[in-house]
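So the chains spell out like this:
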Amino acid sequence: MVHQYKLNGFNIVLDVDSGSIHLVDDLVYEIIMLFEKADRDGIIRALSDRFDSDDIRSALDEVQELVKQQKLFSQADHAARLFEGREYAVGAVSRTTKERGAVEKRRTAKEECSTADGRLDAHVNTSKYHCWNENVIKALCLNVAHTCNLDCSYCFAGQGKYKGEQALMVVETGRKAIDFLIEHSGSRRNLEVDFFGGEPLLNWQMVKDVVAYARSIEEQYGKRFRFTLTTNGVLIDDDVIDFTNKEMHNVVLSLDGRPHVHDRFRVDIGGNGSYARVVPKFLELVRRRDQGTYYVRGTYTHLNVDFLNDILHMLDLGFREISMEPVVCRPEEPYALTDEDMPIIMRQYEELAEEILRREREGDPFQFYHFMIDLEHGPCIYKRIIGCGAGTEYLAVTPSGDLYPCHQLVDDPSFRIGNLEDGVTEHDLQDAFRTCNVFAREACRACWAKLYCAGGCAANAFHMSGSLLGTDAFGCELFKKRIECAIMIKVAKAVASAT
Amino acid sequence: KKRVFTLPTRQLIDGCGECQTSCQSAKTSCVANQVCEQERE
């Protein structure tokens with residue numbers, strides 16, 4: 001499968017199965033468009049009114065050489081790496097099932113996950129990706145506070161309470177979560193714990209105690225913990241800044257951008273905006289952060305589809321590591337993104353990519369999380385095809401110690417998958433998540449971006465389509481545009497360094 | 001003069017599991033942004 005597009009003056013061709021990326025001239029671009037529709041003579045005839053015949057022939061030779069090298073129109077059965085010879089329950093988890101998580105269909109993986117043309121080669125061996133085989137868990141999202149000191153109406157966590165009662169995780173539960181992660185992590189050395197909520201700083205001493213506990217035993221078990229913290233910033237003080245700088249691999253700071261945009265949603269219980277309170281604290285935290293990463297992370301909605309202006313505002317404030325995400329909400333919400341917003345958002349991403357290149361040239365670069373892509377040292381093929389890991393290698397833990405497949409599903413008790421005492425108890429539900437990958441989703445199999453997104457977010461797919469094996473079509477379009485922009489940036493930098 | 005410029009990329013045609021989980025990075029729109037742990041080390 002090949003995807004080709006023009007952006008910012010570049011003709012870019014992606015070969016999906018091999019991961020190859022080519023920058024081509026106009027003639028080769030047109031040849032590739034015709035390559036599977038016409039034979040050599042047909043292509044020459046079709047293009048000879050606009051290009052020299054000898055040029056067409058030599059360009060065709062170049063294209064055919066790329067095909068021979070498996071860098072263009074390559075075909076690989078990546079699905080076979082996971083499924084060959086194995087049988088898995090293919091979950092059809094939907095709102096209409098009597099017991100959500102019940103597995104409605106059981107097909108062989110070969111039937112479910114063969115490639116679009118029905119081919120499933122037998123030459124590739126099976127299931128090398130360890131987490132897939134071993135029920136290894138390597139990451140936990142600890143919901144240490146099901147409460148919040150802000151009252152943001154767009155919050156997917158329902159102002160931190162996840163449609164339940166306010167609750168704080170006690171340190172004993174946090175320690176059990178660390179023990180649980182070590183016990184279920186198999187031979188995996190790198191373990192991740194994200195302190196999340198609600199607002200985790202409302203349970204700050206517990207966070208510090210859990211980190212200290214994990215640090216006290218990680219060497220004994222041959223593990224290395226990476227902690228992250230997501231905060232609204234209201235309670236940041238010197239202690240938080242010093243501790244996160246020392247212990248948190250990454251800190252996510254919630255800021256939506258311009259003051260009026262941020263304060264539209266991010267208000268306290270009294271309805272007062274939080275911008276003026278949190279920005280100085282974020283700036284101080286970033287100023288003193290001398291290791292690890294941080295992201296100033298915003299949410300854009302229908303009410304600020306000109307989100308590039310919010311990113312520019314963050315840059316003006318002095319932040320250089322920025323993430324800006326589309327709102328996750330029900331389509332009927334007044335701030336939900338609409339189909340009419342789509343072309344505006346697409347153009348915003350393109351202008352953002354141009355801004356990144358401009359600032360890079362001027363010696364003042366910044367990072368935009370969703371444009372960060374490492375073409376040479378990115379994920380291996382196994383990582384790209386197993387999906388996001390929700391419900392299998394990644395679980396969310398509630399204050400009471402219940403386990404959920406993902407932090408975005410904690411508000412739905414029917415997705416409770418187990419607890420820290422008994423481990424995963426809903427194995428059919430776990431199997432349903434285990435099959436959430438690009439080859440189990442009809443829409444993904446034919447998508448050029450599947451090896452960049454690995455099937456995307458299962459929770460978003462469920463909320464938008466009612467099925468874990470559905471897709472969030474709107475989110476998919478945004479993702480594809482972001483990848484096109486990210487690759488264009490890489491192409492532009494490669495050209496700049498070569499000239 | 002050059003019609004095709006091919007960028008250096010990781011060939012796909014591994015699996016240690018030590019890399020970061022997709023959603024543990026910067027939580028709502030999940031692999032392109034990930035880096036291979038072995039390459040990182």
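Before any of the text, the structure's been laid out above.
What you see is a predicted model; the values in this text were computed from it and never measured.

Caption draft 1: Structural detail: the pattern of salt bridges. Residues and elements named next belong to chain A. Enumeration according to the criterion identifies 37 salt bridges over all chains in this entry. E350 is the salt-bridge partner of K481, the closest N and O atoms lying 2.6 Å from each other. Here the residue K481 occupies a position in helix α19 (residues 473-498), and E350 occupies one in helix α13 (residues 342-361), the gap between them amounting to 131 residues. Overall, the relative accessible area of 10% leaves K481 in the buried class. For E355, the salt bridge identified is with R358, shortest N-O distance 2.7 Å. Remark: R358 and E355 occur in helix α13; sequence separation between them is 3 residues, near one turn of the helix. Overall, the relative accessible area of 14% leaves E355 in the buried class. On the accessibility criterion, R358 (32% relative accessible area) is partly exposed. When salt bridges with common partners are traced through the structure, they connect R347, E350, E351, E354, K481 and E484 into a single cluster.

Caption draft 2: A look at the packing of helix α1 (residues 26-34) of chain A against helix α2 (residues 40-47) of chain A. All names here are of chain A. Look at α1 against α2: their axes get within 10 Å of each other, and the N-to-C directions meet at 130 degrees. For the element pair α1 / α2, the angle class is oblique. By crossing handedness, the relation of α1 to α2 is classed as right-handed. Facing α1, whose interface residues are L27, E30, I31 and L34, α2 presents I43, A46 and L47. For the contact of α1 with α2, a count of residues per class yields 6 nonpolar, no polar and 1 charged.

Caption draft 3: Local environment of the environment of A:S48. All names here are of chain A. With respect to the element layout, S48 can be found in the loop between α2 and α3 (53-68). A relative accessible area of 36% means that S48 is categorised as partly exposed. Those residues in contact with S48, other than ones at most four positions away along the chain, are S53 and I56. One polar contact links the side chain of S48 to the main-chain carbonyl oxygen of R45, over a distance of 3.1 Å.

Caption draft 4: Examining the sheet that holds strand β3 (residues 20-24) of chain A more closely. Taken together, the 4 strands give an open sheet; going across it, the order is β1(A)-β2(A)-β3(A)-β1(B), and neighbouring strands pair in antiparallel fashion. On the outer flanks of this sheet lie β1 (2-7) of chain A together with β1 (4-7) of chain B, each paired with one strand and no other. The sheet shows a mean angle of 25 degrees between the axes of neighbouring strands, taken without regard to direction. Bridge analysis of strand β2 (residues 10-15) of chain A against β3(A) gives 4 bridges, and the strand direction is antiparallel. Its bridge partner being in β3(A), A:L14 is matched across the sheet by A:I21.

Caption draft 5: Highlighting the packing of helix α9 (residues 238-247) of chain A against helix α11 (residues 275-288) of chain A. Residues and elements named next belong to chain A. The geometry of α9 relative to α11 is characterised by a closest axis approach of 10 Å and an angle of 35 degrees between their N-to-C directions. Classified by chirality, the crossing of α11 by α9 is right-handed. Taken together, the residues of α11 that come into contact with α9 (itself represented by D238, I241, D242, T244 and N245) are E284, L285 and R288. Of the residues belonging to the contact of α9 with α11, the class tally is 2 nonpolar, 2 polar and 4 charged.

Caption draft 6: Focus on the packing of aromatic side chains. Residues and elements named next belong to chain A. Counted according to the given criterion, the structure contains 16 aromatic pairs over all chains. Summarising the aromatic geometry, the rings of F265 and Y335 are spaced 5.2 Å apart at their centres and angled 80 degrees between planes, so their arrangement reads as edge-to-face. Within this pair, whereas F265 is found in helix α10 (residues 259-265), its partner Y335 is found in the loop between β12 (321-326) and α13, the two being separated by 70 residues in sequence. A relative accessible area of 7% places Y335 in the buried class. Seen from their ring centres, Y349 and F368 are 6.5 Å apart, and the 50 degrees between their planes marks the pair as tilted. Placement of Y349 in helix α13 and of F368 in strand β13 (residues 367-368) is noted, with a sequence separation of 19 residues between them. Looking at F368, the relative accessible area reads 1%, which means it is buried. It is K6 that lies over the ring of Y29; its NZ or CZ is 4.3 Å from the centre.

The rules behind these values
Residues numbered from 1 in each chain as written. Chains lettered and ligands numbered in written order. Predicted model: local features only at pLDDT ≥ 70, side-chain atom pairs only at ≥ 80, totals over all residues. Heavy atoms only, no water. Salt bridge = Lys/Arg side-chain N within 4 Å of Asp/Glu carboxyl O. Helix = DSSP H or I, 4+ residues; strand = E, 2+ residues; numbered from the N terminus. Buried < 20%, exposed > 50% of the residue type's maximum accessible area, 1.4 Å probe, protein only. Axes fitted to C-alpha atoms, helices over the stretch in contact; angles between N-to-C directions. Parallel < 35°, antiparallel > 145°, perpendicular 65-115°, else oblique. Left-handed = near helix turned anticlockwise from the far one by under 90°. Contact = heavy atoms within 4.5 Å. Nonpolar A, V, L, I, M, F, W, Y, C, P; charged D, E, K, R; others polar. Polar contact = N/O pair within 3.5 Å; in protein donor to acceptor, adjacent residues only side chain to side chain. Pairing = 2+ DSSP bridges. Phe/Tyr/Trp six-rings, centres within 6.5 Å; stacked < 30°, edge-to-face > 60°. Lys NZ or Arg CZ within 6 Å of the ring centre and 35° of its normal.

What is shown is where atoms sit, not what they do.
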